[in-house]
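Notes for the structure review
Chain by chain, the residues run as shown.
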Amino acid sequence: MNSIRVRLGVLGLALLTGFTTPTAASAAPAAPSPTVEEQRLGRAAPQEILRRSGFDTVAPDLAKALEAARSYGEARRAVAREGARLWQRAVDRAQGRGEAGGDLSRDDDRPLYWARLGMTREVRTWEPEFGLTDGQRAALLDGLERTSRGQDTIRYPHGKQLKRILLTGFDPFTLDRDIRISNPSGATALALDGTVIQTADGPARIETAVFPVRWQDFTEGTVERTLRPHLPKVDLFTTVSQGRVGRFDIERTNGAWRGGFGDNENVGRTETVPVADPASQPQWTTTTLPYAAIVAAPTGRFPVYDNTSVTEIPAGGTQPVVRPDGPTPGSAARAGGGGDYLSNEIAYRATLLRDRLGLRDTLPGGHVHTPVLQFGAGNTTEVTDPDFVRNRLDIIAQVRAILRVAAETK
C-alpha cells in the first residue's frame, strides 16, 4: 500500500443494503444486494483464478450447506465450519500440502480472496425459509470474515523455549485499476502461518492473519479485536503490506490520519483514525522493531530502508509539510512513513494497542512495507507469469529473513 500523498477524495459510496419494504408485518427483511467488492467476482480474471486453483467449488459448497440449514444455529455452524475450512485450505495450498487444485502457483493469495467473496455473497443474498434478521445476517458475515482470515486460530504451543511471532497481511486492493492484482503481504501470511523459523536463540513460531482493505472494518475494531488477546503473549509482531516498487521499508512512524483514498468498496474516509478513548489518542506512534539491524542485514534481493519520513501540520501551522526525519513536537499527523491509507492505519492501531497495553518498552513491533508485486514486462492481460511468481516468492522469503533478524536482535 503505497504512501499516498495526493488526495484523491471519495471515489464513491458502496451500495451496501438495498432493502425492500416487507409485504407483511411478520416478513423477514429482504436480503441485501452484493457489495461493490463482491460484484467484481463476475469478471473474467477472478473466475480464471478460482478455476485454476480449484477454489471455484468453495462458494457452491457453502451454498449447499446453507440450503441444508433448518435454523439460524445450523447456519451459523455451517458458516463457521466452511470459513475455517477455506483458511486452512489456503494455508495448506501455500505450504505445499494436499492437491494444488490446478496449475496456478501455490504461493498465490488470490484464490483465498476471491473464494471468500463468493462465500460472503452467498451469505449476503441468502433468503432462508425460516427468515433472518439483519443482526443475524451481520453476525454470519462477521463470523465468516473472522474464520476465513485466520483471525480466530492464532495459537502458540506452550513452552518457554519457543519464541512467538505474530504477522498480519492484507487482501489485494486497487482492483479497479487492475483486477489481476495479488498482495504479497497476504501471500506471506499464508506461506508462514504456523511455521517455525530457526534463530540464533532457538525456534520461533509464526502465526498470521489477514485483514480486509475496508475502512469500515477498521472503524469497527477488527484489528484490536484480533490482536488484543495475543500481544501480551508474543515476543515480536509485525503488520505487513505492499508498499513501493523495488524496496522494503521499515516504517519508523505511524500517523493518526486517514487520507481519503478509496478502499475495496470504493469508499474513502478523510478524518482522524477513530479509536477508543480519543481523548488520549496520540498523533503519532513509533516502531519498536530493530530497524537498524534489519536494514543492515543481508535479507534478500530487495533493498531495505529505515523510512523516517512523515507529513505533518506543524504546531501553529495550517498546511501539510513533509518531514524527512520524523514529526516535530505538537504537530498533527497527515501521513505516517507508510502513508495515510490502511497500511499506515493497521500499523498505527497495532502500535497504539501495544502502548496502551503497557508493552512499548518490552515488545518489538511495527510495520514492514514490501515491494510492489509486479507482473513480467509486457504482461497486461494474463493472470500470472514466471516473473510474477518469482517476485512473490522472493518477497515471501525476504519477509521470513527479516523476521529472523528481528527475532535475533536483543
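Here we summarise the structure given alongside this text. (Residues numbered from 1 in each chain as written. Predicted model: local features only at pLDDT ≥ 70, side-chain atom pairs only at ≥ 80, totals over all residues. Heavy atoms only, no water.)

**So, the overall build of the protein chain**
Helix and strand content of the protein chain: twelve helices and 14 strands. Computed over its C-alpha atoms, the radius of gyration of the protein chain comes to 21 Å, within 12% of the 22 Å expected for a compact globule of 410 residues. Overall size of the protein chain, expressed as C-alpha extent along the three principal axes, is 60 × 50 × 50 Å. The 410 residues of the protein chain split such that 57% are buried. (Helix = DSSP H or I, 4+ residues; strand = E, 2+ residues; numbered from the N terminus. Rg over C-alpha atoms; globule rule 2.2 N^0.38 Å. Buried < 20%, exposed > 50% of the residue type's maximum accessible area, 1.4 Å probe, protein only.)

**Topic: the environment of R146**
Take R146: it is sitting in helix α6 (residues 134-148). Here R146 falls in the partly exposed class, since its relative accessible area comes to 23%. Put simply, R146 and A80 are 66 residues apart on the chain and 8.7 Å apart in space, counted from C-alpha to C-alpha. Look past the residues within four positions of R146 in its chain and what remains in contact with it is Q151, D152 and R225. (Contact = heavy atoms within 4.5 Å.)

**Observations regarding the nonpolar core**
Ranked by size, the top nonpolar core spans 63 residues in total, and within it W114 and L403 carry the most contacts. Grouped together as the second largest cluster of nonpolar side chains are 23 residues, V234, F237, F261 and I346 included. (Core = buried A, V, L, I, M, F, W, Y, C linked by side-chain atoms within 4.5 Å.)

**Notes on the environment of I165**
With respect to the secondary-structure elements, I165 resides in strand β1 (residues 163-170). Taking the relative accessible area as the measure of exposure, I165 reaches 1% and is therefore buried. A C-alpha to C-alpha distance of 8.2 Å links I165 and A407, two positions 242 residues apart in sequence.

**Here's the deal with helix α3 (residues 58-68)**
Buried within α3 are the following residues: V58, A59, L62, A65 and L66. The buried residues of α3 occupy one face: seen down the axis, they fall within an arc of 120°. Pointing more than 90 degrees away from the buried face of α3 are the exposed residues K64 and E67. Buried-residue contacts for α3 involve α4 (72-94), α5 (110-125) and α6. (Arc of directions from axis to C-beta.)

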